[in-house]
Amino acid sequence: MRFTHPDGTAVHLAYCTNVHPLAEDPDELTAQVCRFGAAVRARLGVSRLGLGLWLPAPAAARLAAGPAAAERLRAALDRHGLETVTLNAFPYRNFHAPVVKKAVYHPDWTTAERLAYTLDCARVLSRLLPPDAARGSVSTVPLAWREPWDGGRRAAALDRLHRLAEGLAGLAAETGRTVRVGLEPEPGCTVETVAEAVEQLGGPGGVDTERIGICLDACHLAVAFEEPAAALDRLAAAGLPVVKTQASAALHAAAPGDPATRAALSRYTEDRFLHQVRERSPQAGGRVRRRDDLPGALHGPPPPAAATGTGASAAGTGTATATAAGPGPGPDGPLPGNGPWRVHFHVPVHQRPEPPLEATQDHLESTLRALFAGPAPLTDHVEAETYTWSVLPESRRPDGDAALAAGLAAELRWTAGALRRAGLTPAEEATP
């Protein structure tokens, strides 16, 4: 789906295919994304639909090895009325393992594996881009999980990012196609907020801002209690571009100390993904308290015996241990519940959770307005990224592939409406 900004810039809208199960074989992946993509496109009644492809590392390597496999994928997308201008290269491998948790951050930007994977994705994308697309984008891990982190690891990560920029420049010279990479600030990571993005990535010795910038995830921005306009002003002042944005919404609990609210939140605890929680003090300018997962925020950390596992191995991404829950910085134990909570649980953007819970759709609308309501758009790639459909409370999960396609179409329809309200004009209106 495409839109036009009043200044004439084309803005692309896609949904992210990391919602679908692992497919490491390129042919299997092609069949999967075309089947779902065609179903979503048909429900929207549009002639062309954008996909934000997630390529697991083995599939990316095989597609990058030579042009033939990527050309087959591109031809299949075209036959089904699908196009790709952006890739999600945050999860490295099995994003739908039984337990993922902190394994999703491995390998991180201190490793050669992360660099090689990202360059593979960029090469594949250069072969998939539509001829009239101005550029491609790839989103990635925000350096690393916050622990361990020190000057040596930061230097290693920045060295990898400098090599990434060199590789992207070489790819552009070879293919004539521009691909940029955006690091995605996320709760609990070395780069959690826009302020930390500026600190870690900006300034002398920082990233090459012609090739590398930020992927602004609206859910993450809301969880950090960051105001969109102020965050974007800070990025602009530092010269860090918004390479892409992810249209997503977080859970919001206005009164987390209320028993009914806590019971509702407990229905969102699950074993696969990490759901970081932030509580903002009700005092003006109050501190933000942190916990690394929803069970820890509700009940405190598990006993040491429960912190077992090979979450990273299960996800096929390394050897780091993933725990079911754990406290963030500060005292152990549950969050006090004196102020509102934001939970890193991507909820469908077109739906409101059952009361007393809320979601941050209003914050998402504000983010899209801040990005697009000005004299020029601050990005041209928008990706709806609700990957949590399979772990929603059971009563809210889609029942089968057709129901999932209907839900994804509803999210895109809502996001398209928000983009129109931000001042963009649809290149093609959906049919009734």
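For the structure, see preceding data.
The text that follows walks through the structure, step by step, so that each part is easy to find. Only a predicted model underlies this, so the values are computations on that prediction, with no experimental measurement involved.

Reading the values: rules and limits
- Residues numbered from 1 in each chain as written.
- Predicted model: local features only at pLDDT ≥ 70, side-chain atom pairs only at ≥ 80, totals over all residues.
- Heavy atoms only, no water.
- 1 Å grid on protein atoms, 1.4 Å probe; cavity = no way out; pocket = protein on both sides within 12 Å on 5 of 7 lines; lining within 4 Å.
- Points joined across faces, edges and corners; volume = space filled by probe spheres on them.
- Nonpolar A, V, L, I, M, F, W, Y, C, P; charged D, E, K, R; others polar.
- Buried < 20%, exposed > 50% of the residue type's maximum accessible area, 1.4 Å probe, protein only.
- Helix = DSSP H or I, 4+ residues; strand = E, 2+ residues; numbered from the N terminus.
- Right-handed = clockwise from strand over helix to strand, strands pointing away.
- Pairing = 2+ DSSP bridges.
- Contact = heavy atoms within 4.5 Å.
- Polar contact = N/O pair within 3.5 Å; in protein donor to acceptor, adjacent residues only side chain to side chain.

1. Examining empty space enclosed by the protein
The full count for this structure, using the stated rule, is six cavities of 30 Å³ or more. Approximately 160 Å³ is the volume attributed to the largest cavity. Lining of the largest cavity is provided by 16 residues; of these, Phe95, Val104, Glu186, His344 and Tyr387 occupy positions nearest its centre. Considering only residue class, the lining of the largest cavity consists of nine nonpolar, three polar and four charged.

2. Describing the pairing of strand S6 (residues 179–183)
Both faces of the sheet carry side chains from a regular strand, because those side chains alternate between them. Counted residue by residue, S6 has five buried out of five residues, so it is predominantly covered. Side chains Val179, Val181 and Leu183 of S6 all project onto a buried face; the interleaved residues Arg180 and Gly182 project onto the opposite face, where all are buried too. Crossover connection from strand S5 (residues 136–140) via helix H5 (residues 151–175) to parallel S6: handedness right-handed. Two strands pair when backbone bridges link them, and S6 and strand S7 (residues 212–217) are joined in this way by three bridges, in the parallel orientation. Bridging from a neighbouring strand, Val181 pairs with Ile212 of S7.

3. Observations regarding the environment of Glu186
Within the secondary structure, Glu186 sits in the loop between S6 and helix H6 (194–201). Along the primary structure Glu186 and Ala155 are separated by 31 residues, whereas in three dimensions their C-alpha atoms are 20 Å apart. Setting aside anything within four residues of it in sequence, one finds Glu186 in contact with Phe90, Tyr105, Pro142, Val191, Glu192, His220, Gln276 and His344.

4. Overview of the side chain of His381
Positionally, His381 belongs in strand S14 (residues 381–384). Of the residues examined, His381 reaches a relative accessible area of 2% and is grouped as buried. In this structure the side chain of His381 is engaged in a polar contact, spanning 3.4 Å, whose partner is the backbone oxygen of Arg135. Apart from residues lying up to four places away in sequence, His381 is in contact with His12, Val85, Thr86, Arg135, Gly136, Ser137, Val243, Lys244 and Thr245.

Any link to function would need more than the numbers given here.
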